[in-house]
Amino acid sequence: MGCPQAGPDTVAAMPETPMSFHMTPEELRRWGHEVVDWVADYLATIEQHPVVPGVEPGEVRSWLPPAPPEKPEPFGDVIADLDRVVIPGTTHWQHPGFHAFFPANTSGPGILADIVSSGLGTQGMLWQTGPALTEVETHVLDWVVDLLGLPERFRSTGDGGGVIQDSASSATLCALLAARERAMARGATLDQLVVYASAHAHSSLEKGARVAGLRPDQLRLVDVDDDFALRPEALAGAVAADQAAGRVPCLVMATIGTTSSLAVDPVAEVAPIAEDAGMWLHVDGAMAGSAAVCPEHRDQQAGLERADSYVFNPHKWLFTTFDCSCFFVADRAPLIQALSILPEYLRNAASESGAVIDYRDWQVPLGRRFRALKLWFVLRWYGAEGLRHHVREHVRLAQELAARIEADPRLELAAPARLNLVCFRHVDGDGPTEALHHALNATGRVYLTHTRLADRYVVRASIGAWTTEQRHVDALWRLVDELA
Ligand SMILES: *Cc1c(COP(=O)(O)O)cnc(C)c1O
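Just so it is clear, the structure is predicted and the values come from calculations on it, not from any experiment.

K.L.:
Account for the domain arrangement of the protein chain, naming residues and giving values.
P.N.:
Interface size is often expressed as the accessible area that is lost when the parts come together. As assigned here, the protein chain comprises domain 1 (25–50 + 53–90) and domain 2 (112–378). Put simply, the middle of domain 1 and the middle of domain 2, counted by C-alpha atoms, are 36 Å apart.

What follows is the structure in structure tokens.
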């Protein structure tokens, strides 16, 4: 690039074109303060906005100029456009009335860690390219084993270990790739492999299977019980039928907290079926996994000590800014076997010594940012005590809402209210339930999404935004009461 640094001699010459267009550290400091102020003001006043913006498709683009800027623009204009363009077109996931899907929490320490990660701009594909990035990540993930009471085999000090991925979807894909490699190393062919999960499993498994080169008919979605948890007998039956037909069971995914209703598959009963068939047991605790910071919510992890891999998302319910998905393996060898490549330009003495972790072998992309800073900052800001406090508070608020719904003759729970999720419907059927759902969202004060359970329309109230307090759930209940 033809932009030499401005130095003492060149400044005096006052060229028509500045010698550098870069933001100087002093300019960064000044605008950085303004941006942080903007973010703090946004969060302090977030309740003023409707949770979901009232924009039509294409409207946000119509507020932008058709061509990119030729001349540098004042940074103040860019900040002003956050209020003009971004805010009116934003769905406010941090709004206290956000009860849709599952939460995607951020937090002060998470935001600040993201700034530091961007400031360092370091790449952690190899230990060598980011020793602190790598070792903080390994260490914090070992802390997470303590924090959630996870099985010892997931610690990096044994054969296993943890890695931070961008999403649970990526982690599940990696588990599947490792399982596929292991099965094929034992002599199976790709077209013989079969993958299993419950009919309520997250769609990321289906997508992962497609990426891994499996046909749709190589995925079995097995039956669930009345509480929407996987039926082990159905799994065992499907596995036996496939084996009898010469197919090779490759992986089963059990879910701790399904996306529709937070149903928990019986991992302890799935594990022996997986072991007998020689298949990989992957456990998806994307949302509910965070609840295990509280010892009283650890029974959902029964059997996890027999799993080959586990994923949960601190970016959902553990106040860690997206993206931060913790992926643990009991044995890192098959994962590395599946994902390791070594071109000449990445060869280095540290890797060859075998004494370091090169996280590029634990994920699909090569490059990786310093995500562990977010988790490190969050764990140190809240302490385990703070995390337990807020998770317990969300659970308490959700259970209080569930009790109110259960006591109302117009409404009923559509599934047991687990942790912080309340699935409910109108007793008069799908039409009135759907009407109630749309009326709630039309207020602009709350945002809820729906699912289908036992083939009936169900509204989901997920209580998990970090800004949600008692008064917000009370207000949600008043709206339900008024509009039912
Ligand atoms: C949200 C969710 C996922 C997907 O999470 P991403 O990190 O967005 O890929 C997977 N499984 C379950 C059970 C989920 O709730």
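K.L.:
Before we move on, could you go through the sheet that holds strand β1 (residues 161–165) and cite the residues and values that matter?
P.N.:
Strand order across the open sheet formed by seven strands is β1-β7-β6-β5-β4-β2-β3, with mixed pairing between neighbours. Because the sheet does not close on itself, it has two edges, and the strands there are β1 and β3 (219–222). Mean inter-strand twist for the sheet, computed between neighbouring axes without regard to direction, equals 20 degrees. As defined by bridge partners, strand β2 (residues 193–198) adjoins β3 across four bridges and the pair is classed as parallel. What sits directly across from V195, in β3, is L219. Set on the sheet, helix α8 (residues 204–211) makes contact with β2, β3 and β4 (248–255); between it and β2 the angle comes to about 170 degrees.

K.L.:
Account for the site of the ligand, naming residues and giving values.
P.N.:
Inspection of the region around the ligand gives F102, S167, A168, S169, H202, G257, T259, D284, A286, N313, H315 and K316 as its neighbouring residues. Interatomic distance of 3.2 Å between a side-chain N/O atom of T259 and an oxygen atom of the ligand. Contacts to the ligand include N313, whose side-chain N or O atom sits 2.9 Å from an oxygen atom. Elements with a contribution of two residues or more to the shell around the ligand: α7 (168–185) and α11 (314–317). Residues of the shell around the ligand, tallied by class, amount to three nonpolar, seven polar and two charged.

Rules used in this analysis
Residues numbered from 1 in each chain as written. Predicted model: local features only at pLDDT ≥ 70, side-chain atom pairs only at ≥ 80, totals over all residues. Heavy atoms only, no water. Domains from an automatic or database assignment. Pairing = 2+ DSSP bridges. Helix = DSSP H or I, 4+ residues; strand = E, 2+ residues; numbered from the N terminus. Axes fitted to C-alpha atoms, helices over the stretch in contact; angles between N-to-C directions. Contact = heavy atoms within 4.5 Å. Near = heavy atom within 4 Å. Polar contact = N/O pair within 3.5 Å; in protein donor to acceptor, adjacent residues only side chain to side chain. Nonpolar A, V, L, I, M, F, W, Y, C, P; charged D, E, K, R; others polar.

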